[in-house]
Amino acid sequence: MKTAIWLYLFLFVAMFDLHAQYPILSPFALSMGAVPSFIGLIMGMYSITHLPGNLLAGYGVDRFGSKAFITASLIGGGVLLILQAGVDDPWELLAVRSASGFVLAFLSPASMAMLAGLARNKVQQSRLMTGNGLVHTLASVVSPAAGALLVAKLGFTRSFFLLGVLLIVTGLVTLFSLREVRLPATRDATDGEGLRRASPLSHVHGAPSRPAAAAAEAEPSENAPIPWLFFGMPIGLSCAQGILFFELPLGAHANGSLLTTGMLFTVVSVGALFSLSLLFLNRFSAFGRTLIGGLALALIFYGLAVEWPLPLTVSLFLIGAAKGMIFPSIAALLAEMTPSGKYGRAFSLLSISFSIGSFCGPVLAGQWRTEISPYYLAFLILITGLALMPLGRIRRSVPA
């Protein structure tokens, strides 16, 4: 598992770098004269330009492996951050953020495909995905406050420059530290003729092969399609998250303070860290965790919309706890439904879903902020995603 440890380390640095920008992007755009609706477009365009990158990453990872895409994404993202340090116009910021969205789109599907390929069974798959969520959360616990403090001490330009250099150095280190995970080709147990990529559930690092019947039971059929409505849930989740990231820095509770905004983001991350540390949750099905966590998150956003009596910090902690349950379980559920030779494409579709939601969330919140509570909008989107999930088809797609 040395590869997983190195990958977690690099992801921690990358996510620290990216999450540090959340509390400072909106104030940075405001300092250049951008209006809230344009800020929503800037944040959303970063996500929408993920789409072509995600599509290319899906087939590229399945064909060429993950390492090259991880390295190139980190270095390219760092270069663009350095360029972002020199912008002085909202339209220039929009252009740089759009390019960053495309370049960094390769990082997530490549990393998740590499982690999925390391697993020997479904339980280990779930643990690796939880570890991925834990790394993201640990980075996001400290990075928003660190980003705000960095800007307070050094200003926007130097802060973005330093964050860019950090990404470039991380990308260069992956050249020498990450080892490509390649699944060996084995005979298809069903017809004895064609070669197929072995499932990580049966052949990883020299693990002995199992009987054909057991392998067939653990590995989803190559012809079993993933229900398209499944992706409505990740779209809804990322849309709600985008709305939260848009609204927190602009809300009255932030008082226009970068440090206050950074601390509010940190509270969300602490909540996610709490639920991710409950390792016994991995014993429960990814399917059940996704449904329960999604419903809980929708209800919390509804509570914020109606201004329930819970303090904002408690509500943000609960949002983080729900996110910490949902995001790893969605990835684990998708891995369970996907044949090993299609991990790259499956996780690229998941990343595309997150990108669509992350684009729509800030844009919708920016346009309708004066008409409807952004938190109520997040509630409606989450409930719709839950209602559209094809529960029966998903359960039939998951191998026993």
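Before any of the text, the structure's been laid out above.
Residues numbered from 1 in each chain as written. Predicted model: local features only at pLDDT ≥ 70, side-chain atom pairs only at ≥ 80, totals over all residues. Heavy atoms only, no water.

Before going further, it helps to spend a moment on the overall build of the chain. On a plain count of helices and strands, the chain comes out with 16 helices and 2 strands. Within the chain, the fraction of its 400 residues that count as buried is 56%. Across the chain, every contact between residues at least 6 apart in sequence was considered, and the portion connecting residues at least 24 apart equals 84%. Surface exposure of the chain reaches about 16600 Å², of which carbon and sulfur atoms provide 68%. (Helix = DSSP H or I, 4+ residues; strand = E, 2+ residues; numbered from the N terminus. Buried < 20%, exposed > 50% of the residue type's maximum accessible area, 1.4 Å probe, protein only. Contact = heavy atoms within 4.5 Å. Areas by Shrake-Rupley, 256 points an atom, 1.4 Å probe, with all protein chains shown as cover.)

What follows covers a nonpolar patch on the surface. Together, Trp-6, Leu-9, Leu-154, Phe-161, Leu-162, Val-165, Val-169 and Val-173 give the surface a local cluster of nonpolar side chains, amounting to about 620 Å² of exposed area. Elements that contribute at least two residues to the nonpolar patch include exactly helix H1 (2-19) and helix H8 (122-177). Sort the elements by how many residues they give to the nonpolar patch and H8 lands first, with 6 residues. Of note, Val-169 is situated in helix H8. (Patch = residues over 30% accessible without salt bridge, like charges linked within 9 Å, V, L, I, M, F, W, Y side chains within 5 Å. Salt bridge = Lys/Arg side-chain N within 4 Å of Asp/Glu carboxyl O.)

Evaluated as defined, the whole model comprises 14 aromatic pairs. Look at Trp-6 and Phe-10: their rings are 5.6 Å apart centre to centre, the planes differ by 25°, and that puts the pair in the stacked class. Taken together, the residues Trp-6 and Phe-10, both in helix H1 and 4 residues apart, mark about one turn of the helix. On the basis of relative accessible area, Phe-10 is assigned to the buried category, the value being 5%. Taking the centre distance of 6.3 Å and the plane angle of 50° together, the rings of Tyr-302 and Tyr-376 count as tilted. Placement of the pair is Tyr-302 in helix H12 (residues 286-305) and Tyr-376 in helix H15 (residues 374-388), with a sequence separation of 74 residues. (Phe/Tyr/Trp six-rings, centres within 6.5 Å; stacked < 30°, edge-to-face > 60°.)

Moving on, we get to the nonpolar core. Of all hydrophobic cores here, the largest spans 100 residues; its most connected members are Phe-230, Phe-301, Leu-334 and Phe-347. Looking at which element gives the most residues to this core, the answer is helix H13 (residues 312-337), with 11 residues. Look past the residues within four positions of Leu-334 in its chain and what remains in contact with it is Ile-226, Phe-230, Phe-231, Ala-346, Phe-347 and Leu-350. (Core = buried A, V, L, I, M, F, W, Y, C linked by side-chain atoms within 4.5 Å.)

Time to look at the packing of helix H10 (residues 232-250) against H12. Two numbers describe how H10 lies on H12: the axes approach to 12 Å, and their chain directions differ by 30°. Judged by the twist between their axes, the crossing of H10 over H12 is left-handed. Side by side, H10 and H12 meet where Met-233, Leu-237, Ala-240 and Leu-244 of the first sit next to Thr-290, Gly-294, Leu-297 and Phe-301 of the second. (Axes fitted to C-alpha atoms, helices over the stretch in contact; angles between N-to-C directions. Left-handed = near helix turned anticlockwise from the far one by under 90°.)

When the terminal C-alpha atoms of H15 are compared, their 21 Å separation across 15 residues agrees well with the 21 Å that a helix rising 1.5 Å per residue should span. What H15 keeps buried is the set Pro-374, Tyr-375, Leu-377, Ala-378, Phe-379, Ile-381, Leu-382, Gly-385 and Leu-386. In the core, the buried residues of H15 are packed alongside H10, H12 and helix H14 (343-368). (Expected span 1.5 Å × (residues − 1).)

In this fold, Gln-84 is placed in helix H5 (residues 67-84). Here Gln-84 is in contact with Gln-21, Leu-25, Phe-28, Leu-93, Val-96, Arg-97 and Phe-160, once residues within four sequence places are set aside.

Across the interface, H10 lies against H14 with an axial gap of 6 Å and an inter-helix angle of 40°. The pairing of H10 with H14 is recorded here as oblique in orientation. Every pair of crossing elements has a handedness; the one defined by H10 and H14 is right-handed. For the pair formed by H10 and H14, the contact residues are Pro-234, Ile-235, Ser-238, Cys-239, Gly-242, Ile-243 and Phe-246 on the first element and Leu-350, Ser-353, Phe-354, Ile-356, Gly-357, Ser-358, Cys-360, Gly-361, Pro-362, Ala-365 and Gly-366 on the second. Looking at side-chain class alone, the contact of H10 with H14 contains 11 nonpolar, 7 polar and no charged residues. (Parallel < 35°, antiparallel > 145°, perpendicular 65-115°, else oblique. Nonpolar A, V, L, I, M, F, W, Y, C, P; charged D, E, K, R; others polar.)

Here we take up unusual backbone geometry. One non-glycine residue with positive phi stands out, namely Glu-307, at about 55°. By secondary structure assignment, the location of Glu-307 is in the loop between H12 and H13.

The end-to-end C-alpha distance of H1, which contains 18 residues, comes to 25 Å, matching closely the 26 Å that a straight helix rising 1.5 Å per residue would cover. Among all positions of H1, only Thr-3, Ala-4, Leu-7, Tyr-8, Phe-10, Leu-11, Val-13, Ala-14, Met-15, Asp-17, Leu-18 and His-19 are buried.

A few words on the side chain of Ser-329. Along the chain, the position of Ser-329 falls in helix H13. The exposure class assigned to Ser-329 is buried, which follows from its relative accessible area of 0%. A distance of 3.0 Å separates a polar atom in the side chain of Ser-329 from a polar atom in the side chain of Thr-290. Setting aside anything within four residues of it in sequence, one finds Ser-329 in contact with Ala-286, Arg-289 and Thr-290. (Polar contact = N/O pair within 3.5 Å; in protein donor to acceptor, adjacent residues only side chain to side chain.)

With that settled, the discussion passes to the state of the cysteines. In this structure the tally under the stated criterion is 0 disulfides. Considering cysteine sulfurs only, Cys-360 is the nearest to Cys-239, which forms no disulfide, with 5.7 Å between them. Classification of Cys-239 as buried rests on a relative accessible area of 3%. (Disulfide = S-S within 2.5 Å.)

Here we take up empty space enclosed by the protein. If you roll a probe as big as a water molecule over the atoms, it shows you where there is empty space left. Under the defined criterion, the tally for this structure stands at 7 cavities of 30 Å³ or more. Looking at the largest cavity, its volume works out to about 1200 Å³. Every residue lining the largest cavity is counted, 47 residues in all, and those nearest its centre are Met-15, His-19, Tyr-22, His-136 and Gln-241. Top element by residues in the lining of the largest cavity is H8. It accounts for 7 residues. By residue class, the composition of the lining of the largest cavity is 25 nonpolar, 20 polar and 2 charged. (1 Å grid on protein atoms, 1.4 Å probe; cavity = no way out; pocket = protein on both sides within 12 Å on 5 of 7 lines; lining within 4 Å. Points joined across faces, edges and corners; volume = space filled by probe spheres on them.)

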